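Structure at a glance
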Amino acid sequence: MPKVYFVGCGPGDPELITIKAKKLLQKADVVVYSGSLIPQEIIKLCKKARLYDAAKMVREEIFTVLRNGALQEKLVVRLHDGDPSIYGAIREQTDNLKKEKIDYEVVPGITSFLASAAALGCELTLPGVTQTIIVTRAESRTKVPTREKISELAKHRATMVFYLSVHLVSDIVKQAIKGGYPKSTPVAAVYRASWKDEKIITGTLVDITKKIRDAKITKTTIIIIGDIVNPKHYEYSRLYDKTFSHGYRKAQTISQR
Ligand SMILES: C[S@@+](CC[C@H](N)C(=O)[O-])C[C@H]1O[C@@H](n2cnc3c(N)ncnc32)[C@H](O)[C@@H]1O
């Protein structure tokens, strides 16, 4: 059965691609890649592929390239930055492929919010602070359902991660405060996480807008709001507590310590 691979190549650092993704790119005959967010080192892995820059194409053109390649029994890759399932617009393509009886497989990649957390060296789900991550975006030309208004999501005071929104940071801040985050809540903005020109800006809901503006950052940034960015206090994990038993380890008695 003809097939198309939707492949994530990670956040930017060429060493953060999976072995599976690398092998597919090396063997691919056709690669449609997501423009500027994919580093040249990764494009160079496509040794024999015919390359198409998706940034210059519309949905129908991309689909035609994917379909024709698959029907000609070629190894076809639709290459995404980060992970294909996050703001990757893959469903519209996979559904159309299914209609034409073309199979597909998704190969995951490291998404940019995880590369951003790594750059910050932080734990997104910190015991005693939050056990929840909300991944969202501010509304711009793409509508966000009303029930997902930032001020509503902010009521949870969980870790909030924003894609595609750095140019709307002042709105995010207003909504976050309206929803219930104290103004002193820490915020981090990571520009081009894992790239050589990565920049990290940290602050609070009070000053992050100015800091981002002063740094002239307008795109390719993840914003993370929450106490986990700079926790004042947290709890140790239960899992590694010596008094805690689980399937692989019994609690230690005093004499074992
Ligand atoms: C269309 S979305 C694609 C997201 C991608 N599929 C992923 O999993 O990271 C593009 C947005 O992802 C974020 N982004 C992508 N790469 C990034 C990076 N290396 N550092 C920070 N943000 C990044 C930015 O918010 C950017 O506006």
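So, here's what we can say about the structure. Note that the coordinates shown come from a computational prediction; the quantities given were computed from them, not determined experimentally.

**Some words on the overall build of the protein**
The number of helices and strands found in the protein is eight helices and 10 strands. C-alpha atoms of the protein, sized along the principal axes, occupy 65 × 50 × 35 Å. Counting only residues that meet the buried cut, the protein has 44% of its 257 residues in that class. Taken as a whole, the protein presents about 14700 Å² of accessible surface, with 52% of it coming from carbon and sulfur. Taking the average place of the 42 positive charges on the side chains of the protein and the average place of its 27 negative ones, the gap between the two points comes to 2 Å.

**Structural notes on the site of the ligand**
Close to the ligand lie 18 residues; I86, T111, S112, A193 and T221 are nearest. D81 has a polar backbone atom sitting 3.0 Å from a nitrogen atom of the ligand. Between the ligand and the protein, one listed contact pairs an oxygen atom with a backbone N or O atom of T221 at 2.8 Å. Look at the ligand: alone it shows 570 Å² of surface, and the protein chains cover 91% of it. When atom positions are compared with the pocket grids, the ligand is found to occupy the largest pocket. Looking at the shell around the ligand residue by residue, the classes come out as 10 nonpolar, five polar and three charged. Structurally, the shell around the ligand is a two-domain feature, drawing no fewer than three residues from each of domain 1 (3-107) and domain 2 (112-229).

**Overview of the layout of surface pockets**
One number sums up the size of the largest pocket: a volume of about 1300 Å³. Taken together, 45 residues form the lining of the largest pocket, with L37, D81, I86, Y87 and L164 sitting closest to its centre. Elements with a contribution of two residues or more to the lining of the largest pocket: helix 3 (59-71), strand 4 (76-80), helix 4 (91-99), helix 5 (112-120), strand 8 (186-191) and strand 10 (221-225). Along the lines of polarity and charge, the residues of the lining of the largest pocket split into 18 nonpolar, 18 polar and nine charged. There are two domains that each give the lining of the largest pocket at least three residues, and those are domain 1 (3-107) and domain 2 (112-229). Considered as a void within the structure, the second largest pocket measures approximately 200 Å³ in volume. Taken together, R137, A138, E139, V144, P145, T146, E148, K149, I150, D171, I172 and Q175 make up the lining of the second largest pocket. Looking at the lining of the second largest pocket element by element, the count peaks at three residues for helix 7 (residues 169-179).

**Some points on helix 5**
Taken together, the buried positions of helix 5 are F113, A115, S116 and A117. G121 lies just past helix 5 and shows a positive phi near 65 degrees.

Rules used in this analysis
- The numbering scheme is per chain: residues are counted from 1 as the chain's sequence reads.
- In keeping with the model being predicted, local features are shown solely for residues with a pLDDT of at least 70 and side-chain atom pairs are shown and tallied solely at 80 or more, while totals for entire chains, interfaces and linings include all residues.
- Calculation of side-chain values draws on the structure's entire complement of heavy atoms; hydrogens and water are dropped beforehand.
- Secondary structure is summarised from DSSP: a helix means a run of H or I of at least four residues, a strand means a run of E of at least two, and numbering begins at the N terminus for each.
- Only protein chains enter the accessibility calculation, which uses a 1.4 Å probe; a residue is then buried when its area is under 20% of its type maximum, exposed when over 50%, and partly exposed in between.
- Using a 1.4 Å probe, the Shrake-Rupley method yields the accessible areas, and only the shown protein chains count as cover for residues.
- We count Lys and Arg on the positive side and Asp and Glu on the negative side, and we leave His and both chain ends out.
- A charge is said to be at NZ when it belongs to Lys, at CZ for Arg, at CG for Asp and at CD for Glu.
- Throughout, near means a residue has at least one heavy atom within 4 Å of the molecule or strand.
- Polar contacts here mean pairs of N or O atoms no more than 3.5 Å apart (in protein, one a potential hydrogen donor and the other a potential acceptor; neighbouring residues in sequence count only if both atoms are side-chain atoms).
- Only protein atoms enter the 1 Å grid used here. Points where a 1.4 Å probe fits but cannot escape make up a cavity, open sets with protein on both sides within 12 Å along at least five of seven lines make up a pocket, and a residue lines them when an atom lies within 4 Å of a point.
- Being in a pocket or cavity means that more than half of the molecule's atoms lie within 2 Å of its grid points.
- Here the term charged refers only to Asp, Glu, Lys and Arg, the term nonpolar to Ala, Val, Leu, Ile, Met, Phe, Trp, Tyr, Cys and Pro, and the term polar to all other amino acids, Gly among them.
- Marked domain ranges trace back to an automatic or database domain assignment.
- Grid points are joined across faces, edges and corners, and a volume is the space filled by probe spheres set on the points.

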